[in-house]
Amino acid sequence: MQKVELDVSRGELLRDGEVVRLRPKTLAVLVELHAREGEVVSQQELRHLIWGQQHGRETGPKQCIRELRRLLGDSAETPGFIETVGRQGYRLVGKITVLNSGTETTGTAPLCVGRTTELRSLADCAAAVRAGKRIVSLVAGEAGSGKSRLVETFAATLPRTADFWSARGQCIPHPGAREPYGPLIEIVTQLAEGASRKRVLRLLEDVAPSWRDLLPQLRSGREPAPMPTRLTDTHPDSMLRELTALMERLSQQQPGVIILEDLHWADQSTLAWLLSWAQRRAPARTLVVGTYRFDELDKSGDLQTTLHYLQRVQDFSPITLDGLDETAVADLLKRRFPDHRLPASLAGQLRRRTEGHAILVDAIIDQWHRDGVLESSENRQAPEQDITEIVSAISRGAGKFIAGEIGRLDPYERQLLDIASVAGIRFSAAMLSDERLEVEKGEAVLDRLASVRRFIQRAGVMAWPDGTQATRYVFRHALYQEALYDAIPAANRQGLHERIGSRLETAFKSRTGEIASTLADHFERAADWKRAAVHRGLAGLTALERGAITDAAAQFRQALVSFAACEPDPETHTAECRTLLGLGAALIVGDHFTTDELRDVYERAATLAGRTNDPTTIVPALAGLWNHHLTKADLAAADELAKGLDDLAEDAPALYAMVAHNAVGQTRFFRGDLAACLPHINAVCSAYDTNHGAEASVLFGEDPGIVCRQYAACVHQLLGQGERAERLYAEGMTLTDTLEQPFGRAQMLWAGALIAREREDPVRVLERATGLIETCEAAAIPFWRPYGDLLAGWAQVVLGNASGLRQIHEGLNAQAAMNVTLTRPYGLALYAEATSRCGNPVEGLKALASAFKIIRRTGERWHEAELHRLWALLSVQTGRTRNASSALRRAIRVARTQNAVTYEKRAQDLLDRIAGQLT
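Asker: Help me understand the overall build of the protein in this model?
Answerer: Each helix and strand in the protein was counted, giving 42 helices and 14 strands. Residues classed as buried in the protein amount to 57% of the 919 residues present. Look at the contacts in the protein between residues 6 or more apart in sequence, and 69% of them connect residues 24 or more apart. If you sum the accessible surface of the protein, you get close to 38000 Å²; carbon and sulfur atoms cover 47% of it.

Written out as structure tokens, the structure is:
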């Protein structure tokens, strides 16, 4: 009989040594049949698992089965390998050996007692994943409760049940802000360096180019890309979307397990991906298993929020580990001392003394073994009094035990592990010394410790840009690293951090941005504030590039703390200014324009920029201040800043000139000078190039090409050019899709809803306002959300749903809470019209009175004509016709002055309609 083998990673079928290449879908079908050997797999299951919603899913399974039979020399009539079972499906009946599936393991499963229920739960999750479900299972427990051991045991059993690929990411503790997507980058790296390297690299190229670009060492045949000094073409939304697509495509051929350890240290971006992944409905044969300390949740608000939303996900499977019970401790003792007849009380006393803390129970049993406390002796039963003395000497905490273990190290081992604890939970010998011979000597000692799993274990190989290679190690538990670190004298710790940071800085040279967060941690602890600030600022830029706005703001704030401790000099001032600009951009997107922090950030940036006389820093700083004053409707201050920007435009690069035009144009729009604003807005629209979008988002928080189309659409609508307004709206929406900028999308949706409202199309207003609300919720954009509520509420009322009035009120309150004054008269006008339609024009007149008070104070007059028209309309409804005529004539006069054709026509129509009532 012919020998048939399947090489999963290469996608090749071997018949008696003859190699046959399989198409990806055909390979996936054969892998699925092999994983369920002897079982009937229906066509519907194959379509669901492998094709999902893709084209070709109806006939795909049949075509792949025919192809496999041809390649195997098989037939449906006399099946030797694949049998057709009636109308049920297909069954693998022949022997096929799987090679290189990417699931090979070394060693045996770790000893894990007392966790039968939890292991069964994870096994059930794996089975459900094989059937096409995407499941997230998070294992919670205190430090040392056995979370990692449980997950390791589960992972070690996978190859015996199915051909799963797996990858593991470790979240690392940082004293400052955390690196965005850190553990996920580690997972993608593992997959790209594993047995399925070719397939993963192909998928990275096809569906996850942003992740490919983050891992330049994986791009075979290409020079590593230099670390960017400003935003590249990596777009914010693409990071989550691309990683999800990568994992979904990878699981089509082979189910997989992603392990994320210590999520209580996870960055916000990693948690955002985890939640996004869990909430998707499409098939994905991938199980995500995470661990976290539940006693750290009070310090990890991001994780707490993520868990809150995960609880609502159907296929979320939480597991909580308590201390080992007495039965589990007894089982562990029996396994570790198989030749003893131990007294029945030992397990209970050990359980009580240690409170069932898994790592402490395990460590104490190890110590008993080493010290020969319970010598092996067949049929020997230890006296009860001896056991009592043994148990009474057990410490309740792991600290004393670990300190004793540390004391057993020889001086050189202790020295190495001390330095390693400063390097971090993951480290290599190359981080511990600059001398090559010392590195080699240290690695030999570390490898000996790792071989017996004493404190550390191997974790692959690391390679640095300078060519250095070394074995990577990881502390077996964070408690070990923490105990070693805490025992080092403070001055020694500080010096070690400086030396390790300098070593890494030298090794990575121009690519320090890849480890900027790590470098910043070391230099902060070394009190090297200048280098700490520079690297922390670069870490913030990296976060901003990846769309991790919350992380970016945290990194920039931390950088500013370090800058404050620096000795001032021109170089420091420039670096601090650019950090402030980055923080301003993050605040604009992640918060809103009117916060005191944003004002202070841009005022400080403007001060520093003025010392350098550099337009590339002065323009962004002044633009940030202009945005702040404009949003608070301080139009006098905004106008002065806009003029200053306009004066700088001639000597500035094109992008900066566009920002200046945008400031002048917007300010004139809100002051009601529609004709004067158009040349500036049109100048931006005509000069704009999408290549500007990336840099603009970092420097200004918004894209000038999008924002000018936003206001151009509004202006043309007021000028009575509705078709032109809609074209500009469509252009802006296309641009936001191209640049993948949710903030810009929110801006355009507001403009689209506004022009639809001025065209009296409530259905389209509701559609666009609802889209605005959804965009703000999905991308965490607080500033534009109230605008969506105002317009959606107005549309609801016009369409006959009076509950929309409450939504308008909520929008107004939200704007007030953010101290947003700009466009508040417009929101009050929407509220006034809605109350009128709900039969309460008196309330509407009160709202209009407040609106008039605001425009008299601020000078925001672009909507003034409509306010006068509404005042006339509501006055007539309340029987107060005396002033209606003069209000309408005032509306027409203001509209003509502004050339606001839409408002003039609306006021004239009302005047004509109610003329009889006014006489």
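Asker: Sorry, what's going on with the pattern of salt bridges here?
Answerer: Once the charged atoms of two side chains with opposite charge are near each other, the side chains can pair. Throughout the structure, instances matching the rule amount to 52 salt bridges. We note a salt bridge from E413 to R448, for which the minimum N-O separation is 3.6 Å. With E413 in helix α17 (residues 411-423) and R448 in helix α18 (residues 436-451), this pair connects stretches of sequence that are 35 residues apart. The class of R448 is partly exposed, set by a relative accessible area of 44%. In this structure, E597 and R557 form a salt bridge, with 2.8 Å as the shortest nitrogen-oxygen distance. Within this pair, whereas E597 is found in helix α25 (residues 596-612), its partner R557 is found in helix α23 (residues 549-564), the two being separated by 40 residues in sequence.

Asker: What should I look at first to understand the side chain of E248 in this one?
Answerer: For E248, the location among the structural elements is in helix α9 (residues 236-253). The buried category is assigned to E248, whose relative accessible area is 14%. Setting aside chain neighbours within four positions, we find E248 in contact with R134, W277, R280, A282 and A284.

Asker: Looking at this structure, how should I read empty space enclosed by the protein?
Answerer: Gaps left between atoms are located by rolling a probe of water-molecule size over the structure's atoms. Considering all chains together, one arrives at four cavities of 30 Å³ or more under this definition. In terms of lining residues, the largest cavity is bounded by 16 residues, among which Q666, Y711, F783, W784 and L822 are the most central. Contributing elements (two or more residues each) for the lining of the largest cavity: α26 (615-631), α28 (654-670), α31 (704-718) and α33 (742-758). It is α26 that contributes the most residues to the lining of the largest cavity, three residues altogether. For the lining of the largest cavity, the per-class residue count stands at ten nonpolar, five polar and one charged.

Asker: Teacher, can you tell me more about unusual backbone geometry here?
Answerer: Glycine aside, residues mostly have negative phi, and peptide bonds are mostly found in the trans state. For E740, which is not a glycine, the phi torsion comes out positive at approximately 55 degrees. Of note, E740 is situated in the loop between α32 (722-739) and α33. Although it is not a glycine, N819 adopts a positive phi angle of roughly 60 degrees. Along the chain, N819 turns up in the loop between α36 (804-817) and α37 (824-837). Classification of N819 by relative accessible area gives partly exposed; the value is 37%.

Asker: Looking at this model, I keep getting lost on the packing of helix α39 (residues 864-877) against helix α41 (residues 901-913). Mind explaining?
Answerer: Two packed helices can be described by the angle between their axes and the distance between those axes. Between α39 and α41, the shortest axis-to-axis distance is 9 Å and the interhelical angle comes to 15 degrees. On the basis of the axis angle, α39 is roughly parallel to α41. Once α39 is placed against α41, the crossing between them reads as left-handed. On the side of α39, the interface is formed by A865, E866, R869 and L873, while α41 contributes Y903, R906, A907 and L910. Considering only residue class, the contact of α39 with α41 consists of five nonpolar, no polar and three charged.

Asker: How should the packing of aromatic side chains be read in this particular structure?
Answerer: Aromatic ring pairs are described here by two measures, namely the spacing of the ring centres and the angle between the planes. Scanning all chains against the criterion turns up 19 aromatic pairs. Note on F427 and Y473: the rings are 6.0 Å apart at their centroids and 35 degrees apart in plane angle, and the pair reads as tilted. Placement of F427 in strand β12 (residues 426-428) and of Y473 in strand β14 (residues 469-475) is noted, with a sequence separation of 46 residues between them. We note that F427, like Y473, is buried. Following the ring pairs from residue to residue traces out a cluster consisting of F669, F670, Y711, W750, F783, W784, Y787, Y826 and W862. Seen from the ring of W277, R134 lies directly overhead, with NZ or CZ sitting 4.2 Å from the centre.

Asker: Which parts of the structure should I look at to understand the nonpolar core?
Answerer: A general trend in soluble globular proteins is that nonpolar side chains are found buried together. Membership of the largest hydrophobic core comes to 129 residues, with the highest contact counts inside it found for F669, W750 and W784. Not counting the four nearest positions on each side in its chain, W750 is found in contact with Q710, Y711, C714, L772, W784, Y787, L791 and T823.

Asker: Teacher, can you tell me more about the sheet that holds β12 here?
Answerer: Strands belonging to one sheet form pairs held by backbone hydrogen bonds; the direction of such a pair is parallel or antiparallel. In spatial order, the strands read β12-β14-β13; together these three strands make up an open sheet with antiparallel pairing. Each edge of the open sheet carries a strand with a single partner, namely β12 and β13 (456-463). Direction aside, the axes of adjacent strands within the sheet are offset by 35 degrees on average. Looking at chain direction, β12 and β14 are connected through three bridges and run antiparallel. Bridged to F427 within β14 is Y473. Packed on one face of the sheet, α18 meets β12, β13 and β14 and runs near 40 degrees to β14.

Asker: Please clarify how the environment of A127 should be interpreted in this entry.
Answerer: Mapped onto the fold, A127 is located in helix α4 (residues 116-130). Given a relative accessible area of 46%, A127 falls into the partly exposed group. Along the primary structure A127 and R285 are separated by 158 residues, whereas in three dimensions their C-alpha atoms are 9.7 Å apart.

Asker: Sorry if this is basic, but what is going on with the sheet that holds strand β3 (residues 18-21) here?
Answerer: Spatial ordering of the open sheet is given by β3-β2-β1-β6, a layout of four strands whose pairing is mixed. Unpaired on one side and paired on the other, β3 and β6 (97-99) mark the two borders of the sheet. Adjacent strand axes in the sheet meet at a mean angle of 25 degrees when their direction is disregarded. In the sheet, strand β1 (residues 4-7) pairs with β6 via three bridges, with the strands oriented parallel.

Asker: What is the right way to read helix α6 (residues 182-193) from this model?
Answerer: Each α-helix turn comprises 3.6 residues. Residues three or four places apart therefore point the same way. With twelve residues, α6 extends 17 Å from end C-alpha to end C-alpha; this agrees with the ideal 16 Å at 1.5 Å per step. P183, L184, I185, I187, V188, T189, L191 and A192 are the residues of α6 that are buried.

Asker: I tried to follow α26 on my own but got confused; where do I start?
Answerer: Spanning 17 residues, α26 covers 24 Å between terminal C-alpha atoms, matching the ideal 24 Å at 1.5 Å per step. Extensive coverage of α26 is indicated by the burial of 16 of its 17 residues. A633 occupies a position one or two residues after α26 and carries a positive phi of about 60 degrees.

Asker: What is the right way to read the pairing of strand β10 (residues 286-293) from this model?
Answerer: Every regular strand shows the same layout, with side chains that alternate between the two sheet faces. Burial analysis of β10 places eight of its eight residues in the buried class, which makes it a mostly covered element. Neither face of β10 is exposed, since T286, V288, G290 and Y292 on one face and L287, V289, T291 and R293 on the opposite face are all buried. As paired strands, strand β7 (residues 135-141) and β10 are joined by seven bridges and run parallel to one another. Bridge pairing links S137 to V289 in β10. With helix α10 (residues 268-279) bridging strand β9 (residues 256-261) and the parallel β10, this β-α-β connection has right-handed handedness.

Asker: Please explain the packing of helix α38 (residues 841-858) against α39 as it appears in this structure.
Answerer: Between α38 and α39, whose axes approach to 10 Å, the crossing angle comes to 155 degrees. Considering their axes alone, α38 and α39 lie roughly antiparallel with respect to each other. Where α38 crosses over α39, the handedness of that crossing is left-handed. For the pair formed by α38 and α39, the contact residues are P841, G844, L845, L848, A849, A851, F852 and I855 on the first element and E864, L867, H868, L870, W871, L874, S875 and Q877 on the second. For the contact of α38 with α39, a count of residues per class yields eleven nonpolar, four polar and one charged.

Asker: Sorry, what's going on with the side chain of R69 here?
Answerer: Structurally, R69 can be placed in helix α3 (residues 60-72). When residues no more than four places from it in sequence are discounted, the contact partners of R69 are D74, S75, A76, I82, E83, T84 and Y90.

Cut-offs used in this document
Residues numbered from 1 in each chain as written. Predicted model: local features only at pLDDT ≥ 70, side-chain atom pairs only at ≥ 80, totals over all residues. Heavy atoms only, no water. Helix = DSSP H or I, 4+ residues; strand = E, 2+ residues; numbered from the N terminus. Buried < 20%, exposed > 50% of the residue type's maximum accessible area, 1.4 Å probe, protein only. Contact = heavy atoms within 4.5 Å. Areas by Shrake-Rupley, 256 points an atom, 1.4 Å probe, with all protein chains shown as cover. Salt bridge = Lys/Arg side-chain N within 4 Å of Asp/Glu carboxyl O. 1 Å grid on protein atoms, 1.4 Å probe; cavity = no way out; pocket = protein on both sides within 12 Å on 5 of 7 lines; lining within 4 Å. Points joined across faces, edges and corners; volume = space filled by probe spheres on them. Nonpolar A, V, L, I, M, F, W, Y, C, P; charged D, E, K, R; others polar. Axes fitted to C-alpha atoms, helices over the stretch in contact; angles between N-to-C directions. Parallel < 35°, antiparallel > 145°, perpendicular 65-115°, else oblique. Left-handed = near helix turned anticlockwise from the far one by under 90°. Phe/Tyr/Trp six-rings, centres within 6.5 Å; stacked < 30°, edge-to-face > 60°. Lys NZ or Arg CZ within 6 Å of the ring centre and 35° of its normal. Core = buried A, V, L, I, M, F, W, Y, C linked by side-chain atoms within 4.5 Å. Pairing = 2+ DSSP bridges. Expected span 1.5 Å × (residues − 1). Right-handed = clockwise from strand over helix to strand, strands pointing away.

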